[in-house]
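# Coordinate analysis (summary)
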Amino acid sequence: MELLIAELSRYIIIILFAVYTFYCFRAFARKTPEAKERVFRIQGILIVLIHSICSLILIIEYKEIRYIVLYGLELLFYLGFLKIYKIFYKGLSKLVFNNMMMCMMIGFVMLGRLKYDYAARQLFMAALAMGVCLLVPLFIERFTIWEKLGWQYALAGILFLLLVFVIGVEKYGAKNWISIGGFQIQPSEFVKIIYVFFIAALLSKTTRFKHVVVITAVAAVHVIILVVEKDLGAALIYFVTYLVVLYVATMKIGYLAAGLGGGALASVVAYKLFSHVQTRVTAWRNPWETINDEGYQICRSLFAIGTGGLFGMGLGQGLPESVPVVESDFIFSAISEELGVIFSCCLILVYISSYIMFVNIAMKMKKRFYKLTAFGLSVVFIFQVFLCIGGASKFIPSTGVTLPLISYGGSSVMTTIVIFSIIQGMYVLNGREEEAKLEKEETAAGRNRRRGTGKKRDKKR
């Protein structure tokens, strides 16, 4: 009976998620507010349906009361913040909110399937981050100091990254974690937001060559620290983010070409100097030759993806635990194995639709600082998705980064929620500015009409 339920449910889940993905892009084509509202209402229903079906499967699979409690708390998390965010983020982008929630609900389900404690801790950290982010619109709207603190952001970011050399602990071969009071956090996850503020604040002031050289040198310090820590994934994200924001700020192809050339040269040097880089490249080039050593992780990941096929094995029917670090760096493999490649492709499209909306919001921002910040955060988000999925599928060497909003990790999920919330806050701010502008134009038009009427009366007299 359980096998029958798992067999039927996997097709239902795929169909529902495919419909949700379709509406992610359908939302861009809807013109009227009423039509868009219908799209977002359907998405909300699909989020609850997909999460409920998946949770029911886990409850049947494990037959434990705590999974029923977990389902109730996750549902309360979604419904509660759905109401609360509408109050604090008046006029929010519902597509951004729905996609954020959908990814988190998928993450809760997959982590609960792997280990109950993973899902419980992730839920707590997500709720904490969502609660803190209720203040984001207040800070964005009422404080204008953010664009003035360029070098302060840089100093704070570098000092925070350097903490790992003082109180850092090594994890998975990289010394990029610090332990405080029993809690482990990854500084590079939080610093990447400060880092974007740093480059956006300074490049929004001037893009003179001398100025750009100094900013580039300071940005390079961030990247070098991460390379020394062996946090290659974060180093790549920082590097690519700076390159894209610099190009958007200057629109000079020469900077982009120089950056790509310098990045390629730095990659060769890193390969020659660091053994862990050589190990990852070897595992990527031909993992089958070193299947018992360096290539074991990527081979297990490819086995999982291949075993799942198009429609997956069914939630709870695979062996995702055979993939090392499956709860974080390789959770995409677990999703592909149990929910199928079609589901995974839809998930990628959901991420892409979020990125498109981020860029959309960035282009509409009037303040240069906000525009560059939104662009930078959108690159951080989508490039992390690329690195994680690319590493799990052997498209690129594994870099040890998490899948945003889905992978296990308090630092990762909290940072991504903050990124979504900052961009959401910018969307709300832009909406209010547009409304204020329209009100002024309508008021001015009304005055002109009254003046025109008065002049006609004077002429008649």
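Structural data are supplied above this passage.
This one's a predicted model, so the numbers in the text were calculated from it and none came from an experiment.

Counting its secondary structure elements, the protein contains 18 helices and three strands. Compactness check: the protein gives a C-alpha radius of gyration of 24 Å against a globular reference of 23 Å for 461 residues, within 12% of the reference. For the protein, the C-alpha atoms occupy an extent of roughly 100 × 60 × 40 Å along the three principal directions. The buried share of the protein, reckoned over its 461 residues, is 50%. When contacts within the protein are restricted to residue pairs at least 6 apart in sequence, those whose partners lie at least 24 apart make up 74%. When the accessible area of the protein is evaluated, it comes to approximately 21600 Å², of which 66% is carbon and sulfur surface.

Turning next to a nonpolar patch on the surface. A cluster of nonpolar side chains, namely Leu155, Leu159, Leu162, Leu163, Phe165, Val166, Ile167, Ile180, Ile224 and Val228, defines an oily patch on the protein surface of about 910 Å² accessible area. Mapped by element, the contributors of at least two residues to the nonpolar patch are α7 (150-162), α8 (164-167) and α10 (209-228). Within the secondary structure, Val228 sits in helix α10.

Looking now at the nonpolar core. Formed by 137 residues in total, the largest nonpolar core has its most connected members in Phe17, Met104, Met130, Phe198 and Leu403. Aside from chain neighbours lying at most four places away, what touches Met130 is Phe77, Phe81, Tyr85, Phe97, Met100, Met101, Met104 and Ile417.

Turning to helix α12 (residues 253-273), a few remarks are in order. Helix length check: α12, at 21 residues, gives a terminal C-alpha distance of 30 Å against a target of 30 Å (1.5 Å per residue), a fit within 8%. Those residues of α12 not exposed but buried are Tyr255, Gly259, Gly263 and Ala270. In a view along the axis of α12, the buried residues occupy a sector of 70°, so they form one face of it. For α12, the exposed residues set more than 90 degrees away from the buried face come down to Ile253, Ala258, Leu260, Leu265 and Lys272. Along its buried surface, α12 packs onto α10, α11 (232-250) and α13 (275-285).

Turning to the pattern of salt bridges, a few remarks are in order. In this structure the tally under the stated criterion is six salt bridges. For Arg113, the salt bridge identified is with Glu338, shortest N-O distance 2.8 Å. With a gap of 225 residues between them, Arg113 in helix α4 (residues 94-114) and Glu338 in helix α15 (residues 331-339) connect regions that are remote in the sequence. Here Arg113 matches Glu338 in class, with each residue buried. Residues Lys367 and Glu147 are paired through a salt bridge, measuring 3.3 Å at the closest nitrogen-oxygen approach. Placement of Lys367 in the loop between α16 (341-364) and α17 (368-392) and of Glu147 in the loop between α6 (136-142) and α7 is noted, with a sequence separation of 220 residues between them. Look at Lys367 and you get partly exposed, because its relative accessible area is 35%. Here Glu147 falls in the partly exposed class, since its relative accessible area comes to 24%. Linked by salt bridges that have partners in common, Arg113, Glu321 and Glu338 make up one network.

A few words on the packing of aromatic side chains. Counted by the stated rule, this structure contains 27 aromatic pairs. For the pair Tyr195 and Phe198, a centre-to-centre distance of 6.1 Å together with 55° between the ring planes defines the contact as tilted. Pair noted here: Tyr195 and Phe198 are both in helix α9 (residues 187-203), with a separation of three residues, about one helical turn. Grouping residues by exposure puts Tyr195 and Phe198 together as buried. Taking the centre distance of 5.3 Å and the plane angle of 90° together, the rings of Phe381 and Phe420 count as edge-to-face. Taken as a pair, Phe381 in helix α17 and Phe420 in helix α18 (residues 410-460) lie far apart in primary sequence, 39 residues in all. Here the aromatic cluster, defined as three or more aromatic residues joined through ring pairs, consists of Phe77, Phe81, Tyr85, Tyr89, Phe97 and Phe108. One Lys or Arg, Arg66, reaches over the ring of Tyr116 and ends 4.4 Å from the middle of that ring.

Let's shift gears to empty space enclosed by the protein. For the structure on display, the rule yields five cavities of 30 Å³ or more. Surrounding the largest cavity, Ile47, Ile50, His51, Cys54, Met102, Met105, Ile106, Val109, Met110, Leu339 and Phe343 form its lining. Elements with a minimum of two residues in the lining of the largest cavity: α2 (33-62) and α4. Looking at the lining of the largest cavity residue by residue, the class counts come to ten nonpolar, one polar and no charged.

Given a rise of 1.5 Å per residue, 20 residues ought to cover 28 Å, and the 28 Å separating the end C-alpha atoms of α10 matches this to within 8%. Taken as a whole, α10 has its buried residues at His211, Val212, Ile215, Val218, Ala219, His222, Val223, Ile225 and Leu226. Seen end-on, α10 carries its buried residues on one side only, within an arc spanning 160°. Opposite the buried face of α10, at more than 90 degrees from it, the exposed residues are Phe209, Lys210 and Ile224. Elements in contact with the buried residues of α10: α7, α8, α9, α11 and α12. At the C-terminal side of α10, Lys230 shows a positive phi close to 70°.

So, how was this worked out
Residues numbered from 1 in each chain as written. Predicted model: local features only at pLDDT ≥ 70, side-chain atom pairs only at ≥ 80, totals over all residues. Heavy atoms only, no water. Helix = DSSP H or I, 4+ residues; strand = E, 2+ residues; numbered from the N terminus. Rg over C-alpha atoms; globule rule 2.2 N^0.38 Å. Buried < 20%, exposed > 50% of the residue type's maximum accessible area, 1.4 Å probe, protein only. Contact = heavy atoms within 4.5 Å. Areas by Shrake-Rupley, 256 points an atom, 1.4 Å probe, with all protein chains shown as cover. Patch = residues over 30% accessible without salt bridge, like charges linked within 9 Å, V, L, I, M, F, W, Y side chains within 5 Å. Salt bridge = Lys/Arg side-chain N within 4 Å of Asp/Glu carboxyl O. Core = buried A, V, L, I, M, F, W, Y, C linked by side-chain atoms within 4.5 Å. Expected span 1.5 Å × (residues − 1). Arc of directions from axis to C-beta. Phe/Tyr/Trp six-rings, centres within 6.5 Å; stacked < 30°, edge-to-face > 60°. Lys NZ or Arg CZ within 6 Å of the ring centre and 35° of its normal. 1 Å grid on protein atoms, 1.4 Å probe; cavity = no way out; pocket = protein on both sides within 12 Å on 5 of 7 lines; lining within 4 Å. Points joined across faces, edges and corners; volume = space filled by probe spheres on them. Nonpolar A, V, L, I, M, F, W, Y, C, P; charged D, E, K, R; others polar.

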